[in-house]
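Per-entry structural report
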Amino acid sequence: MNLCLLDWVIVCLSIIVAMIAGSAVKKFIGGISDYLVANRSMGFHLGLLSLMCTEIGMITYMYFAELGYNAGFSALIIGLPPFIAFIFLGKTGFILKPLLDMKIMTLPEFFSRKFGRGVRFYVGILMAVGGVLNFGVFPGIEARFINIITGIPEKHILLTMVILLSIVLIYTFIGGMVSVIITNYIQYTFLSIGMILITSFGIFQIGIPNIVDSVKLSLGEGGMNPFFPNIIKGEFGLGFIVWQLLLWTAMLTSWQVVAIRIFSAKDSATGKKIFTWSSLMFLSRAILPIFWGIMAFSYIGGNKDPLTSLPVMLAKITPHGILGILLGALLAASMSTYASYLLSWSSVISQDLVGTIIKFITKKEISSKTQIFISRMCLVALVLFIIWWSLFHELQGYLYFYLNMTVMIFVPGTLIGVGLGIYWKKARSWGAYSAFTLGAIPPLLYFLPNSPPTSMLGWGSFVLAFIGMVGGSVLQNILQPKTQEQKVS
Amino acid sequence: MKVLTILWFALILFSFITFCYLSVKIIVKGFRELKEMLLNLKEKTIALQKEENLKEK
């Protein structure tokens, strides 16, 4: 075992404290509407903290460290596109301001209003597929992280996953979504201490000259220059940058966890402020873990499993006590991510998909009792699916690219659909269907053997979605011209 | 290579300092906001309970 008694005590305490604090405030909050009201009155600093906490988990560190381990300093370029996208959206209010003015809370709501219920249902299907495949690898990857850090043998991975998910369900049940803000505060305090300590310990134990030398010796110029051999052919070259800029612009407007912060802001100025400052936080969220991956490469050597390089290094360089704080913080952060992902994806499946189908077949409104039953069944099905997917799906290539590509199933269509839906008066529902369909093809190709380069699939997906949107809308405008009433509405 | 090394370390240092500064700032100021928010919620709950008690009477 890598963890001593003190570490275990700290890990257990951090989880218990977060649970107790969460349940203590629960009595002051009536229901989900109170949570939303609290969320709307949430100040700028608390909003930023909550966003960071939800968007950081063990898996975040693992995929960034994997990139740093494999690509060296070149991988640091990955931190720049989200930084630029955040600043661009925060300063210009592109897409976000019109949505705020329309008082839209979720993007499916926009699609329903602009293009009709059919498009909303279709978006729901793509979101469910992409979201579940994305979330599906979380437990397996994080269970490996926990097993390596703690020293639990890898053969017990299923047991770790089951325990992890059980704690999440208990955590969600006791704390609930309503008390997520207070638990986020405690988690972020632990997390930030952990991130500062890992960086400091790594630098002092390994040394900057050793880190630079090992990358230069083993990876050569490719480890330092992201555009090596040239800007077109480089793994992180022009195609990659364009794809990532489009992806992050799309993600920041269509990823519900991020979008809810700006849609629920007091006014567009507060929303823009949160976005502008998030740019710096998201830069650190990528740069520091990538640097840990580079340190791991220097410390443990280049012939290990890149995905597990970070926990291996952490277990070796982190002193007892600190290791406990670190694991407790990561576990707590992952739990808030799990809780919100489980609830959001199961609600997409149960309400937007299953609920709509049942309503369509029976032609009746579903009772709230039936709705709760459907939601619970979907939650159970989702938990079983992610355990199965985590155990049997073999990852190929970078985990970061896998996660990007699962999201790409619905993100290009969303960006193009919302963008042209707002700024182009001739956008129609056929265009929206085509944009989503064509935009989803390249990401699906990624899962087939011998697929084209990932960056090409990435930017190509946006190009296809754009062609689909314009082509479909023009065709519909020719075959089914808008009536005068439709034009006015 | 040397220029690139300096640039990358400048970026790492910038990210690290920014992260430390912003984390301290949002933890300290976030605590005040959290306290205010909880106090507001508490007052709201007490007012609601009083209203309900009055209605029952």
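Residues numbered from 1 in each chain as written. Chains lettered and ligands numbered in written order. Predicted model: local features only at pLDDT ≥ 70, side-chain atom pairs only at ≥ 80, totals over all residues. Heavy atoms only, no water.

Glancing now at the overall build of chain B. In terms of helices and strands, chain B carries 1 helix and 0 strands. The C-alpha radius of gyration of chain B comes to 24 Å, more than 25% above the 10 Å expected for a compact globule of 57 residues. Principal-axis analysis of the C-alpha atoms places the extent of chain B at approximately 80 × 15 × 5 Å. Counting only residues that meet the buried cut, chain B has 33% of its 57 residues in that class. As displayed, chain B has an accessible area near 4,200 Å², and 67% of this comes from carbon and sulfur atoms. A distance of 12 Å separates the average location of the 10 positive side-chain charges in chain B from that of its 6 negative side-chain charges. (Helix = DSSP H or I, 4+ residues; strand = E, 2+ residues; numbered from the N terminus. Rg over C-alpha atoms; globule rule 2.2 N^0.38 Å. Buried < 20%, exposed > 50% of the residue type's maximum accessible area, 1.4 Å probe, protein only. Areas by Shrake-Rupley, 256 points an atom, 1.4 Å probe, with all protein chains shown as cover. Lys, Arg positive; Asp, Glu negative; His and termini not counted. Charge placed at Lys NZ, Arg CZ, Asp CG, Glu CD.)

The next subject is helix 5 (residues 80–92) of chain A. All names here are of chain A. Over its 13 residues, helix 5 runs 18 Å from end to end, which matches the ideal 18 Å to within 8%, given 1.5 Å per residue. Listed in full, the buried residues belonging to helix 5 are Pro-81, Pro-82, Ala-85, Phe-86, Leu-89 and Gly-90. Down the axis of helix 5, the buried side of the element spans an arc of 155°, and every buried residue falls inside it. (Expected span 1.5 Å × (residues − 1). Arc of directions from axis to C-beta.)

Attention now goes to empty space enclosed by the protein. Residues and elements named next belong to chain A. In this structure the tally under the stated criterion is 4 cavities of 30 Å³ or more. Along the walls of the largest cavity sit 23 residues, with Glu-55, Tyr-63, Arg-285, Tyr-341 and Leu-403 positioned nearest its centre. Only helix 4 (58–71), helix 9 (138–150), helix 13 (238–254), helix 17 (322–362) and helix 19 (399–408) provide two or more residues apiece to the lining of the largest cavity. Per-class residue counts for the lining of the largest cavity are 13 nonpolar, 7 polar and 3 charged. (1 Å grid on protein atoms, 1.4 Å probe; cavity = no way out; pocket = protein on both sides within 12 Å on 5 of 7 lines; lining within 4 Å. Points joined across faces, edges and corners; volume = space filled by probe spheres on them. Nonpolar A, V, L, I, M, F, W, Y, C, P; charged D, E, K, R; others polar.)

This part covers the packing of aromatic side chains. Overall, the coordinates contain 30 aromatic pairs over all chains when judged by the stated rule. Taking 6.0 Å as the distance between ring centres and 45° as the angle between the ring planes, the aromatic pair formed by Phe240(A) and Phe401(A) counts as tilted. In this pair, Phe240(A) sits in helix 13 while Phe401(A) sits in helix 19, placing the two residues 161 residues apart along the sequence. With respect to class, Phe240(A) is no different from Phe401(A); both count as buried. Counting every residue linked through ring pairs, the aromatic cluster contains Tyr63(A), Phe64(A), Phe236(A), Phe240(A), Trp243(A), Tyr398(A), Tyr400(A) and Phe401(A). A cation sits over an aromatic face here: Lys25(B) above Trp277(A), 5.0 Å from the ring centre. (Phe/Tyr/Trp six-rings, centres within 6.5 Å; stacked < 30°, edge-to-face > 60°. Lys NZ or Arg CZ within 6 Å of the ring centre and 35° of its normal.)

Cis geometry is adopted by the peptide bond preceding Pro229(A), which originates at Phe228(A) and carries an omega value of 5°. In this structure, Pro229(A) sits in the loop between helix 12 (208–219) and helix 13.

Looking now at the confidence of the model for chain A. Chain-level pLDDT for chain A is 84 on average; 90% of the residues reach the 70-or-more range. Note that pLDDT drops below 50 for residues 31–39 of chain A; the model gives that stretch 14 contacts with residues more than four away or on any other chain. (pLDDT = per-residue confidence, 0-100. Contact = heavy atoms within 4.5 Å.)

The subject of this paragraph is the side chain of Ser461(A). Residue and element names in this part refer to chain A. Note that Ser-461 resides in helix 22 (residues 454–479). A polar atom in the side chain of Ser-461 sits 2.5 Å from the backbone oxygen of Gly-439. Residues in contact with Ser-461, not counting those within four places in the same chain, are Met-408, Pro-412, Gly-439, Pro-442 and Pro-443. (Polar contact = N/O pair within 3.5 Å; in protein donor to acceptor, adjacent residues only side chain to side chain.)

Counting from both sides, the interface comprises 45 residues of chain A and, opposite them, 29 residues of chain B. Carbon and sulfur atoms make up 83% of the surface buried where chain A meets chain B, a total of about 3,500 Å² over both sides. Summed over the shared surface of chain A and chain B, the number is 0 salt bridges. Applying the counting criterion to the chain A and chain B interface returns 6 residue pairs in polar contact (both at pLDDT 80 or more). Looking at the side of chain A that touches chain B, the elements with two or more residues in it are helix 2 (32–40), helix 3 (44–54), helix 11 (180–206), helix 12 and helix 15 (268–300) of chain A. With 10 residues, helix 11 of chain A is the single largest residue contributor to the side of chain A that touches chain B. Looking at the side of chain A that touches chain B residue by residue, the class counts come to 30 nonpolar, 11 polar and 4 charged. (Buried area = accessible area lost by both parts, 1.4 Å probe. Salt bridge = Lys/Arg side-chain N within 4 Å of Asp/Glu carboxyl O.)

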